[in-house]
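Overview (structure and organization)
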Amino acid sequence: MSDEGKLVPILREGVEIVKIILFKELRDLLRQKRSEWDNTYALQVTAAVVNELFGVQNLEPTFVEFCQSNRQAIDEAKAMVGVELASLRIPLTDALRTMVLCDYQEGRDSSSLLQRAQEMGVLLGGRELPLPNQFVDLVRRLGTAMGILQAPK
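The structure contained in this document is the topic of the report that follows.

What counts and how
Residues numbered from 1 in each chain as written. Predicted model: local features only at pLDDT ≥ 70, side-chain atom pairs only at ≥ 80, totals over all residues. Heavy atoms only, no water. Helix = DSSP H or I, 4+ residues; strand = E, 2+ residues; numbered from the N terminus. Rg over C-alpha atoms; globule rule 2.2 N^0.38 Å. Core = buried A, V, L, I, M, F, W, Y, C linked by side-chain atoms within 4.5 Å. Buried < 20%, exposed > 50% of the residue type's maximum accessible area, 1.4 Å probe, protein only. Contact = heavy atoms within 4.5 Å. Lys, Arg positive; Asp, Glu negative; His and termini not counted. Salt bridge = Lys/Arg side-chain N within 4 Å of Asp/Glu carboxyl O. Phe/Tyr/Trp six-rings, centres within 6.5 Å; stacked < 30°, edge-to-face > 60°.

**Here's the deal with the overall build of the protein chain**
Within the protein chain, the secondary structure is distributed over seven helices and zero strands. Traced from its N-terminal end to its C-terminal end, the protein chain shows the element sequence α-α-α-α-α-α-α. Over its C-alpha trace the protein chain gives a radius of gyration of 16 Å, about what one expects of a compact globule, namely 15 Å for 153 residues. Along the first, second and third principal axes, the C-alpha set of the protein chain runs to 50 × 35 × 30 Å.

As C-alpha cells, this is what we get:
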C-alpha cells in the first residue's frame, strides 16, 4: 500500500475523533442550556447537528422524521456551535478541510460542506490548511486532553 493509501485512513480516523469531541461537547452544552430536554432528545439533536456539519446522511426513517419534526431545535443547536463552542473552531476547521481533501482523493466533491460550515460560523476562513502530521498531532493532543485517546507511551 502506498504512503498516500495509508494516509487517507489515518486522516479519516482523526476526523472521526474530532466528530466525537464535538458530539461530547455539544451534548454537554445542550444538557446544560436546555435542561428541559430529556437525555434522548438532547442526544438526537446533537447527532443531527454533527451529521449535518460533516455531511453524514442518516436515512433511518425514524431519524429522518425526527430531523424534519425538530428542525427548529436542530438549527438553534447548530447556531450554538460557532459561538458557545468557539474553542473547537480550529479542530473543526482542520477536520472539515481534511475530510474534504480525503473525499477529493477518493473522487468525491464534498466542498459544499465548507461553505455550510462557514455559514454556521464554524469555519475559520483565514486558517491555513494543516499538513497531515500537524492535523494528526492536533487530534492526538485534543483527544488525549478530552480522555478519548490514551497518552502515547
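**Some words on the nonpolar core**
Leu22, Leu26, Val45, Leu53, Phe54 and Leu92 are the most contacted members of the largest nonpolar core, which totals 42 residues. With residues near it in sequence (within four places) discarded, Leu26 still touches Thr46, Val49, Ala77, Val81 and Leu85.

**A word on the side chain of Arg97**
Relative to the assigned elements, Arg97 resides in helix H5 (residues 89–105). Look at Arg97: it is buried, it has no salt bridge, and the nearest opposite charge is Asp94 at 5.4 Å. Not counting residues within four places of it along the chain, the set of residues in contact with Arg97 comprises Leu114, Leu123, Leu124, Gly125, Arg127, Glu128 and Leu129.

**Focus on the packing of aromatic side chains**
Centre-to-centre distance and the angle between the planes together describe a pair of aromatic rings. The final tally for this structure, using the stated rule, is three aromatic pairs. Plain terms: the ring middles of Trp37 and Tyr41 are 4.9 Å apart, the flat faces sit at 80° to each other, and that makes the pair edge-to-face. Where Tyr41 meets Phe66, the ring centres are 5.5 Å apart and the plane angle is 70°; that geometry is what we call edge-to-face. One end of the pair, Tyr41, is in helix H2 (residues 39–54); the other, Phe66, is in helix H3 (residues 61–69), with 25 residues separating them in the sequence. Taking relative accessible area as the criterion, Phe66 reaches 9% and is therefore assigned buried. Taken together, the ring pairs connect Trp37, Tyr41, Phe63 and Phe66 into an aromatic cluster.

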